[in-house]
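Each chain, written out:
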Amino acid sequence: MPVPKPAAARPAVARPAAPRPVAGKAVRPVAAAPDAAGGQAGLLKRLFSSGKVSSKALMQFTIQLSTLVNAGLPLVRCLRVLEGQLEPGPLKNVLLAVGDDVEGGSTLSEALAKYPQVFDRLYVNMVRAGEAGGMLGTILERLAEFSRKSENIKSQVKSALSYPVFVLLAAGSVLGFVMIVVVPKFESIFQSFGRELPAPTQFLMGVSRSLAGYWYLWIAAPVLLVLAFRTALRNDGFARRIDAIKLRLPVAGDLIRKTIVARFARTLGTLLQSGVPILEALTIVKAAIPNRVLEDAVGSVHDSIREGETIAQPLGESGVFDDMVVNMIDVGEETGQLDAMLLRIADTFENEVDTAVSTLFKVIEPALLLIMAVLVGFIVVSLFLPIIGIMDSLQT
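This paragraph deals with the overall build of the protein. Helix and strand counts for the protein stand at 16 helices and 0 strands. In the protein, of all internal contacts separated by at least 6 residues, the share reaching a separation of at least 24 is 65%. Surface accessibility of the protein: about 22,100 Å² in total, with carbon and sulfur atoms responsible for 63%.

The following block contains the structure:
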């Protein structure tokens, strides 16, 4: 990957002398003069850098930082180059503050830890492990690869969802127009004949009147339901039941489980490969799992390891991880290649998720079209039934 061009040189600013950090190593000054305005400046930087940083931007930063560090540039210089080439925004502000902290004597992991909204525990702990082992460049490469794979999965899901969402929005807009504008005109025509309308037509007219007269309720009700559901999810018991239901869904449940298992294996394997102690790695992985049932399973593994047992046994007893995963982890423990086996499990499950997502959305697209066709057909039949009845009465 080409190394980004250095940014234009900044005006010289008087700073206390500090040793230059060496790439891949944590360096601390013996003594550093305090910055008189450091507290206020740091506070302002954190206030201005509190915006959202996209996962894609963070991935690109990690890739570029690993390239520069492996090229042998001093760490502060790497951060200044990357910060200088960014457009004004939250990530630029964060990197400016991180560069100042590192130049003032902090390690990179300590500087990154001050911004948990950008750099999560996984990121910070991997960087800390790289600093401790003098292999920061290698760790950043692994982080970049991890971020790239995660971003690829997100992109695939978004791409697969784009067409169904477009179909739903387009079809919903057309149906809404028909129900609010077209159907009432037919109702006035039918009323002029003074005949009793068929049951499907009466139902259609009732829905049309409801949409036209109480449209604000049709908009507000879904919003209120979503807000109520999100509020209920704050209750641990309710959220745990919902997470269990997700895993038991007919088709999506298996897809959700495989996605989370792949994330578990990828994260734990990457942490272990980077030299993070297994108990600390399991604590980080547990916090990164978005399902309480699987989170409990990882928690039981953590307790088992702390008591001197293996990883495979509590995973098998949890009933969440299938036999293939448990057996592969068992073999990895026996051979001393647990990290490599976990990454292999992640590759396998990510490929299965890719195939399942592709197949699922190939089924969803025609299913949506079929549902729309049924709705349109019902509207057409409901509107034509009275017309047919009126024509029959006129002929007799």
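After that view, the rundown keeps rolling.
This part covers the confidence of the model for the protein. Of the residues in the protein, 86% have a pLDDT of 70 or more, and the chain-wide mean is 79. Segment residues 5-50 is flagged for pLDDT under 50; beyond a separation of four residues in sequence, or across chains, it makes 55 contacts in the model.

A few words on the nonpolar core. Grouped together as the largest cluster of nonpolar side chains are 69 residues, with contacts concentrated most on Phe-61, Leu-65, Leu-108, Phe-119, Phe-264, Phe-321 and Ile-329. Sort the elements by how many residues they give to this core and helix H11 (residues 252-273) lands first, with 8 residues. Residues within four places of Phe-61 in sequence aside, it is in contact with Leu-79, Leu-82, Leu-91, Leu-95, Phe-119 and Tyr-123. Among the nonpolar cores identified, the runner-up in size contains 12 residues, and Leu-175, Val-183, Leu-197 and Met-205 belong to it.

Bringing a nonpolar patch on the surface into the picture now. Judged by side-chain polarity, Tyr-214, Trp-215, Tyr-216, Leu-217, Trp-218 and Ile-219 come together as a nonpolar surface patch covering roughly 710 Å² of accessible area. Tracing the sequence through the fold places Trp-215 in helix H9 (residues 215-232).

Let's shift gears to the pattern of salt bridges. Tallying each qualifying case throughout the model produces 18 salt bridges. Residues Asp-243 and Lys-246 are paired through a salt bridge, measuring 3.8 Å at the closest nitrogen-oxygen approach. One end of the pair, Asp-243, and the other, Lys-246, are both in helix H10 (residues 236-248), 3 residues apart, so they sit about a helical turn from each other. By relative accessible area, which is 33% here, Lys-246 ends up partly exposed. With a closest N to O distance of 2.9 Å, Arg-266 and Glu-350 form a salt bridge. Pair noted here: Arg-266 is in helix H11 and Glu-350 is in helix H16 (residues 338-395), with a separation of 84 residues, a long-range link. Glu-350 shares its class with Arg-266; the two are buried. Put simply, Asp-236, Arg-240, Asp-243, Lys-246, Arg-292 and Asp-296 are held in one network by salt bridges that share partners.

Mapped onto the elements, Met-205 comes out in helix H8 (residues 199-213). Relative accessible area serves as the criterion here: at 1%, Met-205 is assigned to the buried category. When neighbours within four sequence positions are excluded, Met-205 is seen to be in contact with Val-183, Phe-186, Glu-187, Phe-190, Leu-197 and Leu-383.

This part is about helix H15 (residues 323-335). Compared with an ideal rise of 1.5 Å per residue, which puts 13 residues at 18 Å, H15 spans 18 Å between its outermost C-alpha atoms and is within 8% of the ideal. Among the residues making up H15, those that are buried are Val-325, Val-326, Met-328, Ile-329 and Gly-332. Angular distribution of buried residues about the axis of H15 spans 165°; they occupy a single face of the element. Residues Asp-323 and Glu-334 are exposed on H15 and point more than 90 degrees away from its buried face. In the stretch just after H15, Gly-336 is the one whose phi turns positive, near 75°.

In this section: the environment of Glu-334. Here Glu-334 shows up in helix H15. For the pair Glu-334 and Thr-310, spaced 24 residues apart in the sequence, the C-alpha separation amounts to 9.8 Å.

We now examine the packing of aromatic side chains. All told, the structure shown has 8 aromatic pairs when counted by the stated rule. Their ring planes at 75° and their centres at 5.9 Å tell us that Phe-229 and Phe-238 sit as a pair that is edge-to-face. Judged by its relative accessible area of 23%, Phe-238 falls in the partly exposed class. Among the aromatic residues, ring-to-ring pairing joins Phe-61, Phe-119 and Tyr-123 into one connected group.

This part is about a positive patch on the surface. A cluster of like positive charges, contributed by Lys-52, Lys-154, Lys-158 and Arg-263, occupies part of the molecular surface. Take Lys-52: it is sitting in the loop between helix H1 (38-48) and helix H2 (55-70). Overall, Lys-52 belongs to the exposed group, its relative accessible area being 74%.

Conventions and cut-offs
- Residues numbered from 1 in each chain as written.
- Predicted model: local features only at pLDDT ≥ 70, side-chain atom pairs only at ≥ 80, totals over all residues.
- Heavy atoms only, no water.
- Helix = DSSP H or I, 4+ residues; strand = E, 2+ residues; numbered from the N terminus.
- Contact = heavy atoms within 4.5 Å.
- Areas by Shrake-Rupley, 256 points an atom, 1.4 Å probe, with all protein chains shown as cover.
- pLDDT = per-residue confidence, 0-100.
- Core = buried A, V, L, I, M, F, W, Y, C linked by side-chain atoms within 4.5 Å.
- Buried < 20%, exposed > 50% of the residue type's maximum accessible area, 1.4 Å probe, protein only.
- Patch = residues over 30% accessible without salt bridge, like charges linked within 9 Å, V, L, I, M, F, W, Y side chains within 5 Å.
- Salt bridge = Lys/Arg side-chain N within 4 Å of Asp/Glu carboxyl O.
- Expected span 1.5 Å × (residues − 1).
- Arc of directions from axis to C-beta.
- Phe/Tyr/Trp six-rings, centres within 6.5 Å; stacked < 30°, edge-to-face > 60°.
- Lys, Arg positive; Asp, Glu negative; His and termini not counted.
- Charge placed at Lys NZ, Arg CZ, Asp CG, Glu CD.

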